[in-house]
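# Chains, contacts and geometry: an overview
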Number of protein chains: 2
Amino acid sequence: MIEQGAPRRRGRPRGGTDSRERIIAAAVDEFGEQGYEASTVRAIAARAGVDSALVHHYFGTKADLFAEVVGIPMRPDIDVPGILNGPRELVGERVVRYVLEAFEKPDVRRRGVVLIRTAIGSRLTTPLLAGFLSRELIGRIARTLDVDDAELRATLVASQIAGLLVARYVIKLPALAAASVDELVTRVGPTVQRYLFG
Amino acid sequence: MIEQGAPRRRGRPRGGTDSRERIIAAAVDEFGEQGYEASTVRAIAARAGVDSALVHHYFGTKADLFAEVVGIPMRPDIDVPGILNGPRELVGERVVRYVLEAFEKPDVRRRGVVLIRTAIGSRLTTPLLAGFLSRELIGRIARTLDVDDAELRATLVASQIAGLLVARYVIKLPALAAASVDELVTRVGPTVQRYLFG
């Protein structure tokens, strides 16, 4: 069933709230069954009984739809290219500062901790977040590096950032929970820098 | 109720299986309610209606009892002092190799992944593991460093090791899951070294 042939940015598309909810439900099913990387907007649209264009109209890209469905509180896939484009010798510090400054905002932290708990605690959701991180974050960083071991380098960065978030905001190990953002940028920035360019 | 006045290494103490099970049940309650650091063998013994000496007889130290109750598959609190005592310039590599070689054993990995999932996924068990790590691992490392910021240094090491285990064995990010132990020792060892001594 085709509800609309092309995305319209103005005016209320036919279907309205009902289509929007059907798309979200279809996305949950598709991502859950296929994982992030194998899921397509076309298949989600088919499950919801709408045209792909309506999905793009309401939610943007596959990454946007995933972020909406999963409740991702920040969008590293969108922000990281800008961080990588600045002065190269400070990329490590900028990556650490970007993540920590986001998590210092109560709303981002609250939703981020729930997401980390769910993604690591649940056998079902782990591969879903892994697929998103691999494709939208690690893949993007790796492509800017232009070396043979780019994916391993980018994944090592992800491991340190994940460990930092878990230790500071989830497990709340005292010395890390008490440290300032500036202190942690100074300590952890060079690790990220070395993984990327060392 | 005092079942026994002093630990006996030979012969079956009075109480037997029944006391052992009561001690484990009491330890689960005590650790769960008080957290690791505030729990005492004396309080666990009182809950179980046995003498502290019987707890030590069956289970050893508080850390031993905790490891038994929680199902910790490796004992960094026991092994790490030896790792720190070797040649100082290679401590970072030895720490990473110790953790990865343990997790390459299927039994350790299986139980370790369950423990990581539970500790991070559940709001109730997170503080419990945090208390154990702070006291028995980070505290021990920090005391060997003899600098003002020793606890932060040791906690940063814990963050990278936790992130490495989560990324390689729980989320299984492809490039990290595929890398050899030697490769990861070379890449991550210098991070641990710098956090400790840099």
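Computed from a predicted model, the values in this text were never measured in an experiment.

## Overview of the overall build of chain A
Within chain A one finds eleven helices and zero strands. Its helices and strands in sequence order give chain A the pattern α-α-α-α-α-α-α-α-α-α-α, from N to C terminus. Split into buried and exposed, the 198 residues of chain A put 54% on the buried side. Taking as baseline every contact in chain A between residues at least 6 positions apart, the subset at least 24 positions apart corresponds to 64%. Separation between the mean location of the 28 positive side-chain charges and that of the 24 negative ones in chain A comes to 3 Å.

## Some points on the environment of A:Glu183
All names here are of chain A. Residue placement: Glu183 occurs in helix α11 (residues 181-197). A residue is classified by how much of its surface remains accessible, and Glu183, at 32% relative accessible area, is partly exposed. Here the side chain of Glu183 touches Arg187 through a polar contact of 2.7 Å, side chain to side chain.

## A closer look at the domain arrangement of chain A
Residues and elements named next belong to chain A. Split into domains, chain A comes out as domain 1 (16-70) and domain 2 (76-197). On a C-alpha basis, the centroid separation for the pair domain 1 and domain 2 is 26 Å. On the domain 2 side, the residues contacting the nine residues of domain 1 number ten residues. A buried area of about 750 Å², summed over both sides, lies between domain 1 and domain 2, and 73% of it is on carbon and sulfur atoms. Of all residues in domain 1, the largest losses of buried area upon contact with domain 2 belong to Tyr36, Glu37 and Phe66, amounting jointly to 59% of the total for that side. Taken together, domain 1 and domain 2 are joined by zero salt bridges. Summed over the shared surface of domain 1 and domain 2, the number is one residue pair in polar contact (both at pLDDT 80 or more).

## Quick look at the interface of chain A and chain B
Taken residue by residue, the interface counts 39 residues in chain A and 39 residues in chain B. Roughly 3300 Å² of surface becomes buried between chain A and chain B when both sides are summed, with 65% attributable to carbon and sulfur atoms. Taken as a group, A:Arg117, A:Ile120 and A:Arg187 account for 21% of the area that chain A buries against chain B, more than any other trio of residues on that side. The interface formed by chain A and chain B contains two salt bridges.

## Regarding the relation of the copies chain A and chain B
Note on the identical chains: chain A maps onto chain B by a rotation of 180 degrees and an axial translation of 0.0 Å, with an RMSD of 0.0 Å. Here the two chains are linked by the operation of a two-fold rotation axis. Looking at chain A, 100% of its interface residues are interface residues in chain B too, so the copies touch through the same face.

## What about the UniProt feature "DNA-binding region" (unreviewed entry) in chain A?
When the UniProt feature table is mapped onto this chain, "DNA-binding region" (unreviewed entry) is found at residues 40-59 of chain A. Taken as a whole, residues 40-59 of chain A contains 80% helix and 0% strand, while its terminal C-alpha atoms sit 13 Å from one another.

## Structural notes on helix α2 (residues 41-48) of chain B
Residues and elements named next belong to chain B. Among the residues making up α2, those that are buried are Val41, Ile44, Ala45 and Ala48. Seen along its axis, α2 keeps its buried residues to an arc of 100 degrees; they face one direction. More than 90 degrees from the buried face of α2, the exposed residues found are Arg42 and Ala46. Once α2 finishes, Gly49 follows within two positions and takes phi at roughly 70 degrees, a positive value.

## Looking at unusual backbone geometry
Notably, A:Asp146 is not glycine yet its phi reads approximately 60 degrees, a positive angle. Among the secondary structure elements, A:Asp146 is positioned in the loop between α8 (126-145) and α9 (150-170).

## Section: the pattern of salt bridges
All names here are of chain A. If you walk through the whole model with that rule in mind, you get 28 salt bridges over all chains. Asp182 serves as the salt-bridge partner of Arg97, at 3.0 Å between the closest nitrogen and oxygen. Of this pair, Arg97 sits in helix α6 (residues 91-103) while Asp182 sits in helix α11; the two residues are 85 residues apart in sequence, bridging distant segments of the chain. For Asp182, a relative accessible area of 46% corresponds to the partly exposed category.

What counts and what doesn't
- Residues numbered from 1 in each chain as written.
- Chains lettered and ligands numbered in written order.
- Predicted model: local features only at pLDDT ≥ 70, side-chain atom pairs only at ≥ 80, totals over all residues.
- Heavy atoms only, no water.
- Helix = DSSP H or I, 4+ residues; strand = E, 2+ residues; numbered from the N terminus.
- Buried < 20%, exposed > 50% of the residue type's maximum accessible area, 1.4 Å probe, protein only.
- Contact = heavy atoms within 4.5 Å.
- Lys, Arg positive; Asp, Glu negative; His and termini not counted.
- Charge placed at Lys NZ, Arg CZ, Asp CG, Glu CD.
- Polar contact = N/O pair within 3.5 Å; in protein donor to acceptor, adjacent residues only side chain to side chain.
- Domains from an automatic or database assignment.
- Buried area = accessible area lost by both parts, 1.4 Å probe.
- Salt bridge = Lys/Arg side-chain N within 4 Å of Asp/Glu carboxyl O.
- Least-squares fit on C-alpha atoms with pLDDT ≥ 70 in both.
- UniProt positions renumbered as here; feature names shortened; annotations may be inferred.
- Arc of directions from axis to C-beta.

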